[in-house]
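Structural overview
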Amino acid sequence: MRHILTFPIFLILVMASCSPTTKIIKFPTVPDETYANPNLKEFFKGNRNPNIVLRVPNNNDKATSNTSTSKNNDVLYNTIEKELLRENFSVRDRGLFNELLGKAQTSDYSKIKELTNTDIILEVVNIDPSVLYTTNKVTLIGKKGETEQLGYIDYKEKGASVEYKVILVKNNEIAGSYKFNYKPCPSGCELTTFKFTRGNKIELKETVAINTMEEFMKLTTKKLIASFRQ
């Protein structure tokens, strides 16, 4: 009778010891690069909700609509502006801003303030939705915790980055510089989600998905605003 009772317990222990291990790929974190000079911080102490314009890499767009840039970039620019509006910034029309600059034919930011009633230019220097991340390490997650081991190949996935420049118009100076990085699968990617070619190579997408990029732009804009108001 004792053997009959202990057999189920033995079976449970064996099954528990053979529980599957999840294999996770964790890509290295690239630190953000942020810099704001004292003048920018001092400006925001007395101006919590300034007049701001978003300046994008294509400087030839005319009032409001922008047909010469890619559709995806337009979506991302609009995402930035929406976040600024949610934080009660007075956002100027970037197309109209560029038209006024074209007519004035000046690069003197102190004069631009008089022409456009703009306090700050937030310039998007570059958006890169195709930053390659790679690692040869695999994290094993089991009942006893996590362990790390070397994989048989290099695991690759696409991440992203965005660079901003902040210009204080009245002072005619670049007062801040920011670069934010997005690594793929911030919490780790399960190994089963990777697609492999016949040559046992990772099948990569060309760029990060647009909906992921939108969330990334929202996050970076919030980080920018938080740094302004510190």
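Structure shown above.
1. Quick word on the pattern of salt bridges
For the structure on display, the rule yields seven salt bridges. In this structure, Lys137 and Glu148 form a salt bridge, with 4.0 Å as the shortest nitrogen-oxygen distance. On the criterion of sequence distance, the pair formed by Lys137 in strand S5 (residues 120–142) and Glu148 in strand S6 (residues 145–168) is long-range, its members being 11 residues apart. Look at Glu148 and you get exposed, because its relative accessible area is 54%. Of the charged contacts in the structure, one is a salt bridge between Glu215 and Lys218, with a shortest N-O distance of 3.5 Å. With Glu215 and Lys218 both in helix H6 (residues 210–228), this residue pair falls three residues apart, about one helical turn.

2. Some thoughts on the nonpolar core
Counting residues in each nonpolar core, the largest one holds 31 residues, and the members touching the most others are Leu40, Leu122 and Tyr164. Elements with a contribution of two residues or more to this core: helix H2 (38–46), strand S3 (51–55), helix H3 (71–86), S5, S6, strand S7 (173–182) and H6. The greatest single-element share of this core, amounting to six residues, is contributed by H6. Not counting chain neighbours up to four residues away, the residues in contact with Leu40 comprise Ile120, Val166, Leu168, Ala175, Gly176, Tyr178 and Phe228.

3. Re the pairing of S7
The side chains of a regular strand alternate between both faces of the sheet. Pairing of strand S2 (residues 33–36) with S7, which is carried by four bridges, proceeds in the antiparallel orientation. Its bridge partner lying in S7, Tyr35 is registered against Ser177. As paired elements, S6 and S7 share nine bridges and run antiparallel to each other. Following the sheet pairing, Val166 is matched in S7 by Gly176. Between S6 and S7, which follow one another and run antiparallel, lie four residues, and Asn172 among them has a positive phi close to 55 degrees.

4. A word on the environment of Thr29
Position of Thr29 among the secondary structure elements: in the loop between strand S1 (22–25) and S2. The sequence separation of Thr29 and Tyr133 amounts to 104 residues, and the corresponding C-alpha distance is 9.4 Å. Within the structure, Thr29 has its side chain in polar contact with the side chain of Lys183 (distance 2.9 Å).

Parameters and conventions
- Residues numbered from 1 in each chain as written.
- Predicted model: local features only at pLDDT ≥ 70, side-chain atom pairs only at ≥ 80, totals over all residues.
- Heavy atoms only, no water.
- Salt bridge = Lys/Arg side-chain N within 4 Å of Asp/Glu carboxyl O.
- Helix = DSSP H or I, 4+ residues; strand = E, 2+ residues; numbered from the N terminus.
- Buried < 20%, exposed > 50% of the residue type's maximum accessible area, 1.4 Å probe, protein only.
- Core = buried A, V, L, I, M, F, W, Y, C linked by side-chain atoms within 4.5 Å.
- Contact = heavy atoms within 4.5 Å.
- Pairing = 2+ DSSP bridges.
- Polar contact = N/O pair within 3.5 Å; in protein donor to acceptor, adjacent residues only side chain to side chain.

By themselves, these observations are geometric and do not establish any function.
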